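The residues making up each chain are set out below.
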Amino acid sequence: MTTTQYIDANRDRFLDELFTLLRIPSVSTTTEHDDDTHQCAVHVQEYLVRAGLDKAALYPTDGHPIVYAEKIIDEKLPTILVYGHYDVQPADPLDEWNSDPFEPVIKKTDLHPDGAIFGRGTTDDKGQMFLHVKAVEAMIQTDNLPCNVKFMIEGEEEIGSAHLEPFIRKHKEMLKSDVILVSDTSLLSKKVPSITVGLRGLAYMDVSVQTARADMHSGLFGGAVANPINTLAKMIASLKDDDNKITIPGFYDDVHFPSDRDRKMMRNAPFDEQEYMDSPGVYGLEGREGFHTYERTGILPTLDCNGIWGGFMGEGSKTIIPAKASAKISMRLVSTQDWHKIADQFTEHFKSLAPEYAKVTVTAHHGGNPYVTPTDTVEYRAAAAAMKDSFGVEPVPMYEGGSIPIIAKFKEILEVETILMGFGFDTDGLHSPNEHFGLWNFYKGIETVPGFYKHYVAMKQA
Ligand code: BES
Ligand code: MN
Ligand code: MN
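Now for a description of the structure that goes with this document.

The rules behind the values
Residues numbered from 1 in each chain as written. Chains lettered and ligands numbered in written order. Predicted model: local features only at pLDDT ≥ 70, side-chain atom pairs only at ≥ 80, totals over all residues. Heavy atoms only, no water. Donors = N, O, S within 2.8 Å, 3.2 Å for Na, K, Ca; no water. Tetrahedral: all angles 85-135°; square planar, octahedral: opposite > 155°, others 65-115°. Helix = DSSP H or I, 4+ residues; strand = E, 2+ residues; numbered from the N terminus. Buried < 20%, exposed > 50% of the residue type's maximum accessible area, 1.4 Å probe, protein only. Pairing = 2+ DSSP bridges. Axes fitted to C-alpha atoms, helices over the stretch in contact; angles between N-to-C directions. Parallel < 35°, antiparallel > 145°, perpendicular 65-115°, else oblique. Contact = heavy atoms within 4.5 Å. Nonpolar A, V, L, I, M, F, W, Y, C, P; charged D, E, K, R; others polar.

## What to know about the coordination of the manganese ion (ligand 3)
- Taken together, the protein donors to the manganese ion (ligand 3) comprise Asp124 (OD), Glu158 (OE), Glu158 (OE) and His431 (NE2), at separations of 2.1 to 2.5 Å.
- With 6 donor atoms in place around the manganese ion (ligand 3) and angles of 56 to 155° between them, the coordination shape is irregular.
- As a motif over one chain, the donors of the manganese ion (ligand 3) read D-x33-E-x272-H.
- Here the manganese ion (ligand 3) and the manganese ion (ligand 2) are spaced 3.6 Å apart, with Asp124 acting as a shared donor. Of this pair, Asp124 sits in helix α4 (residues 122-141) while His431 sits in the loop between β17 (418-420) and β18 (436-438), placing them 307 residues apart in sequence.
- For His431, a relative accessible area of 42% corresponds to the partly exposed category.

Structure (structure tokens):
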């Protein structure tokens, strides 16, 4: 039996199994779901066993467990390490969902006329992670696995992968591989495939401005004291100029743009502005002048306030000058920007913006460095060849806006490059209500992955 025949014969079962994973609310951020998250890891482990992998095991951490499995057919052959995550973002706001986030249903949409699975984690990342399990199962069960394969599936990607870094440091030998393969990013469209060659980094900061010991009467003190909410708002506003350029000194020092050829390919890639706007229902677009939307999200860094609070926020009114105001501010980083350096630059600059009597606190929440995949490698060429076989056209190298901070650590610690071969769409509602993953995308992924193995082994041995 060929791999393709095996996939065709088992399509329905693959989907049933994915549904089982999707029914488990493995929300990593809430302790309330710790048992579910653990159960999800156990299921992933079982599926890896049933796919034919060896040494499938759960590695406990101080957080959620890491699932590892491998199939070594010949030490002399190359080894592919598949990384993905089984944890998901919280489903709320629940009333925005048209169906239960943890009871997957198939519905047709304009972009998914063959149907898409709706549920939390469908595209990010259970559906995309699971397609690798099924592709490898198809290769193993038909005796067509051309090289060694290892799986490392974690349960804390959505909360910063804190326990994965010590794990990879400790298990360098076990994780020894020639390339890391990940499906946790986006595909341009059904007709125009893409390979993600850039992921942004992240520096996430907590800030607060305090100007008094306690809240005070706004009639007795208003006009004579600073209001920390106004002060904080002004400080935040000054972090960007009229063209949305970030004003922190040195912020752009390590920003290098990709080649003109790559930028041109990206600008010419299909982009439906209306579709892009419609998926979250955004009322208008705004960003740096002279840059395409793909460039604004892919090759430029950002600074955004993710939340801001202070003073009276209850029902009714309360006439006070608050004592304190706070915000969460995150920066997406690109190119060779280093998140620790950026966090330091931010801290120094932000403190300098406040009146000297104000107490300003700035703490780094978490972060990670950007990652750029080199394209002049056997790994990238094999991925491009697999995409071309499967889609009929050459893939576009895309710089994407999202972050997977551990990828830069893979390079630093394991010294291995990563191929980001995503099969979901940007418009699939990742982290949003009604997240979904196309059936077409799921099966296309399963069918494309074996091509990567085949081309990679052939090119490595040539
Ligand atoms: N899979 C996403 C990242 C992604 C999605 C990259 C689409 C490119 C295209 C990942 O699960 C994610 O959400 N990452 C977080 C990282 C954070 C929690 C440290 C992000 O980007 O906000
Ligand atoms: Mn993800
Ligand atoms: Mn995510």
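## Notes on the sheet that holds strand β13 (residues 324-333)
- Here 4 strands make up an open sheet; going across it, the order is β11-β13-β9-β14 and the pairing antiparallel. Of all strands in the sheet, those bounded by a partner on one side alone are β11 (302-310) and β14 (359-368). When the angles between neighbouring strand axes are averaged without regard to direction, this sheet yields 15°.
- The pairing of β11 with β13 spans 8 bridges and is antiparallel. Residue pairing in the sheet places Thr302 in a bridge with Arg332 of β13.

## Some details on the coordination of the manganese ion (ligand 2)
- Within the protein, His85 (NE2), Asp124 (OD), Asp184 (OD) and Asp184 (OD) serve as the donor atoms for the manganese ion (ligand 2), at 2.0 to 2.4 Å.
- Here the donor residues of the manganese ion (ligand 2) are spaced in sequence according to H-x38-D-x59-D.
- Looking at Asp124, the relative accessible area reads 7%, which means it is buried.

## Brief notes about the packing of helix α3 (residues 34-51) against α4
- Two elements in contact, α3 and α4, have axes separated by 9 Å at closest approach and are oriented at 20°. By the angle between their axes, α3 is roughly parallel relative to α4. Of the residues in α4, those touching α3 at Cys40, Val44, Tyr47, Leu48, Arg50 and Ala51 are Lys126, Met129, Phe130, Val133, Glu137, Ile140 and Gln141.
- Here the contact of α3 with α4 is built from residues that sort into 9 nonpolar, 1 polar and 3 charged.

Keep in mind these values describe shape, not function.
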